[in-house]
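Given next are the chains, with one letter for each unit.
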Amino acid sequence: MWSLARRLQGLLDMTRWLDFLAPLALRLYLAPVLWMAGSRKFANFDDTVAWFGNPEWGLGLPAPELMVVLAAGTETLGAVLLVVGLGVRWVALPLMVTMAVAALTVHWHNGWLAIAEGGGSLFATERTLIAVERLAEAKEILRAHGDYSWLTEYGSLVMLNNGIEFAATYFVMLLALFFCGAGRWVSLDHWIGRWLRMTG
């Protein structure tokens, strides 16, 4: 029994030579998400500033122009650095702050779920239950008065809840990168660190 357990552990340990794949996958998953978020803020700069600054229908943040530049700059620069694997542990910190601010200021009051789900979900709230009911009514209207098959040909209709789910998920992924770094072989951090150790 112990011999089999040791052999299985040995086989599992052999996979460690591929351990660079995990941080690489995290980096390449996060990079386009962050790039799109940052570049959209820059592309719609005036509207984003208005939303960041307005206390009635926006976030009511102070110095909204500066906040937009900081948020969008962190996201776009962070995306580039994640792709090449440069300063990954350092850039993970401001990106985690950005995700935490987004979760607390934009998404928190909506609960956990990004997409509204019904009573079978662990994270369903009264808000999402009502949203699911209204979605069902909207689908009935579309079936009766529209081409429902055409409308849903490329995906199901959903009700956006805009909860913290995605921001929290990205935060956890960045937290993992902060502690494990960019990974070996396919990151500039690896090669710079190797060069510093050889010359130091």
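Higher on the page you've got the structure.
Residues numbered from 1 in each chain as written. Predicted model: local features only at pLDDT ≥ 70, side-chain atom pairs only at ≥ 80, totals over all residues. Heavy atoms only, no water.

Q: Could you give an account of unusual backbone geometry, naming the residues involved and the relevant values?
A: With a phi close to 45°, alanine 63 is a non-glycine residue in the positive phi region. Structurally, alanine 63 can be placed in the loop between α3 (45-53) and α4 (64-84). The class of alanine 63 is partly exposed, set by a relative accessible area of 41%. In this structure, asparagine 162 is a non-glycine residue whose phi angle is positive, near 60°. Note on placement: asparagine 162 falls in the loop between α7 (148-151) and α8 (165-180). (Helix = DSSP H or I, 4+ residues; strand = E, 2+ residues; numbered from the N terminus. Buried < 20%, exposed > 50% of the residue type's maximum accessible area, 1.4 Å probe, protein only.)

Q: Would you mind going over the pattern of salt bridges in detail, with residue names and values included?
A: Scanning the model with the defined rule gives 3 salt bridges in all. Arginine 184 is the partner of aspartate 19 in a salt bridge, and the nearest nitrogen-oxygen pair spans 2.7 Å. In this pair, aspartate 19 is assigned in the loop between α1 (2-14) and α2 (21-43) and arginine 184 in the loop between α8 and α9 (188-199), connecting sequence segments 165 residues apart. Of the charged contacts, one joins arginine 143 and glutamate 140 as a salt bridge, the two residues approaching to 3.2 Å between their closest N and O atoms. One end of the pair is arginine 143 and the other is glutamate 140, both in helix α6 (residues 126-145) and 3 residues apart, which spans about a single turn. Taking relative accessible area as the criterion, glutamate 140 reaches 48% and is therefore assigned partly exposed. (Salt bridge = Lys/Arg side-chain N within 4 Å of Asp/Glu carboxyl O.)

Any link to function would need more than the numbers given here.
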